[in-house]
Amino acid sequence: DAGITQSPRYKITETGRQVTLMCHQTWSHSYMFWYRQDLGHGLRLIYYSAAADITDKGEVPDGYVVSRSKTENFPLTLESATRSQTSVYFCAAGSGGKTDTQYFGPGTRLTVL
Amino acid sequence: AQSVAQPEDQVNVAEGNPLTVKCTYSVSGNPYLFWYVQYPNRGLQFLLKYITGDNLVKGSYGFEAEFNKSQTSFHLKKPSALVSDSALYFCAVTYSNKLVFGAGTILRVKS
């Protein structure tokens, strides 16, 4: 049972390039989330999705685009990468209720040069 | 808005001693609180959560957390620390089907 997989695990890109980070769950959780982790900030929510074709902004959505055509996939795209988007990105999935647990993927470490 | 504070950037404890990682929260309505652990180069792993009921919540790997409504705290505890407990710990609170995380506390357990 793989749970949540993210690819790539490591990525180096240049300023201005488009980058897509992939997230796939083997469960059927309705909610999926993208976070970024930066020193001193903990995890901050970028975007989330309540179901296929339903997405919404989180705390730090600027510069990011998401889509969710299938329940199991939730890709995150940086349309024109900037150095400030250098971070570790985590995908998570859960049932979405206020008391429900979110389960996290292994993360993608992105460096923008 | 809901928020979580972890007042200590780092906690150091000797192996075999009890450990406490502190968390305070600010919420409107009922608090639903979580603890996660992150080992180096890994994703976050769920430890435990408080929903309602008993103020002492037991979780994975021998960890427990004490919910204190009057002090708005949800401290993570373990009676006897292991070197393998060394990791980054996050407290989080639910806000409208989303999680709001604290900045994290590094726990270092020395042998």
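Values in this document were obtained by computation on a predicted structure and should not be read as measured data.

**Points about the overall build of chain A**
Part 1: Along its length, chain A carries zero helices and eleven strands.
Part 2: Put simply, chain A runs from its N terminus to its C terminus through helices and strands in the order β-β-β-β-β-β-β-β-β-β-β.
Part 3: Since a compact globule built from 113 residues should have a radius of gyration of about 13 Å, the 13 Å found for chain A is in line with a globular shape.
Part 4: Taking the principal axes of the C-alpha coordinates as reference, chain A spans close to 35 × 30 × 25 Å.
Part 5: Buried positions account for 47% of the 113 residues belonging to chain A.
Part 6: In chain A, once contacts between residues fewer than 6 apart in sequence are set aside, the share between residues at least 24 apart is 55%.
Part 7: In the form shown here, chain A has an accessible surface area of approximately 5,400 Å², with 48% of it arising from carbon and sulfur atoms.
Part 8: Separation between the mean location of the 11 positive side-chain charges and that of the 10 negative ones in chain A comes to 6 Å.

**A short note on the interface of chain A and chain B**
Part 1: With 23 residues of chain A at the interface, the matching set in chain B holds 20 residues.
Part 2: Summed over both sides, the interface of chain A with chain B buries roughly 1,700 Å², with 56% coming from carbon and sulfur.
Part 3: The interface formed by chain A and chain B holds zero salt bridges in total.
Part 4: Mapped onto the side of chain A that touches chain B, the elements with two or more residues apiece are strand 4 (31-38) and strand 5 (42-51) of chain A.
Part 5: For the side of chain A that touches chain B, the per-class residue count stands at nine nonpolar, ten polar and four charged.

**Notes on the state of the cysteines**
As used in these notes, a disulfide is a covalent bond between sulfur atoms, one from each of two cysteines.
Residues and elements named next belong to chain A.
Part 1: Within the structure shown, the criterion is met by two disulfides over all chains.
Part 2: Disulfide pairing places C23 opposite C91 at an S-S distance of 1.8 Å. Here the S-S torsion is close to -75°, and the disulfide linking C23 with C91 is therefore left-handed. Of the two residues, C23 sits in strand 3 (residues 19-25) while C91 sits in strand 9 (residues 87-94), which places them 68 residues apart along the sequence. When sorted by exposure, C23 lands in the same class as C91, which is buried.

**Topic: the packing of aromatic side chains**
All names here are of chain B.
Part 1: Applying the stated criterion across every chain yields a total of 18 aromatic pairs over all chains.
Part 2: With 6.5 Å between their ring centres and 20° between their planes, F34 and Y36 make a pair best called stacked. Summarising the burial analysis for this pair, F34 and Y36 share the class buried.
Part 3: Ring plane angle 90° and centroid distance 6.2 Å describe the contact between F90 and F101, whose orientation is recorded as edge-to-face. One end of the pair, F90, is in strand 10 (residues 87-95); the other, F101, is in strand 11 (residues 98-101), with eleven residues separating them in the sequence.

**Here's the deal with the environment of A81 of chain B**
Part 1: Within the secondary structure layout, A81 of chain B lies in the loop between strand 9 (73-78) and strand 10.
Part 2: When sequence neighbours within four positions are dropped, the list of residues in contact with A81 of chain B reads V13, A14, E15, G16, N17, L19 and V109 of chain B.

The rules behind these values
- Within each chain, residue numbers correspond to sequence positions counted from 1 in written order.
- The lettering of chains begins at A and the numbering of ligands begins at 1, in the order of writing.
- In keeping with the model being predicted, local features are shown solely for residues with a pLDDT of at least 70 and side-chain atom pairs are shown and tallied solely at 80 or more, while totals for entire chains, interfaces and linings include all residues.
- Note that the side-chain values use all heavy atoms of the structure and ignore hydrogens as well as water.
- Going along the chain from the N terminus, every DSSP run of H or I of four or more residues is numbered as a helix, and every run of E of two or more is numbered as a strand.
- We compute the radius of gyration over the C-alpha atoms and compare it with the globule rule, which gives 2.2 Å times the number of residues raised to the power 0.38.
- Burial status follows relative accessibility: with a 1.4 Å probe on protein chains alone, a residue under 20% of its type maximum counts as buried, one over 50% as exposed, and anything between as partly exposed.
- By definition, residues are in contact when any of their heavy atoms lie within 4.5 Å.
- Where accessible areas are quoted, they stem from the Shrake-Rupley method and a 1.4 Å probe; at the residue level, only the protein chains shown are allowed to cover.
- The charged-residue count follows a simple rule in which Lys and Arg add positive charge and Asp and Glu add negative charge, with His and chain termini not counted at all.
- To locate a charge, the coordinates of NZ of Lys, CZ of Arg, CG of Asp or CD of Glu are taken.
- Accessible surface is computed with a 1.4 Å probe, and the buried area is the amount of it that two parts give up when combined, taken over both parts together.
- Any carboxyl oxygen of Asp or Glu that lies within 4 Å of a side-chain nitrogen of Lys or Arg is treated as forming a salt bridge with it.
- For this scheme, ten residues count as nonpolar: Ala, Val, Leu, Ile, Met, Phe, Trp, Tyr, Cys and Pro. Four count as charged, namely Asp, Glu, Lys and Arg, and the remainder, Gly too, count as polar.
- Counting rule for disulfides: a pair of cysteine sulfur atoms within 2.5 Å.
- Put simply, two rings from Phe, Tyr or Trp (the six-membered ring, in Trp's case) pair if the centres are within 6.5 Å, and we call them stacked under 30 degrees between planes, edge-to-face over 60, tilted for the rest.

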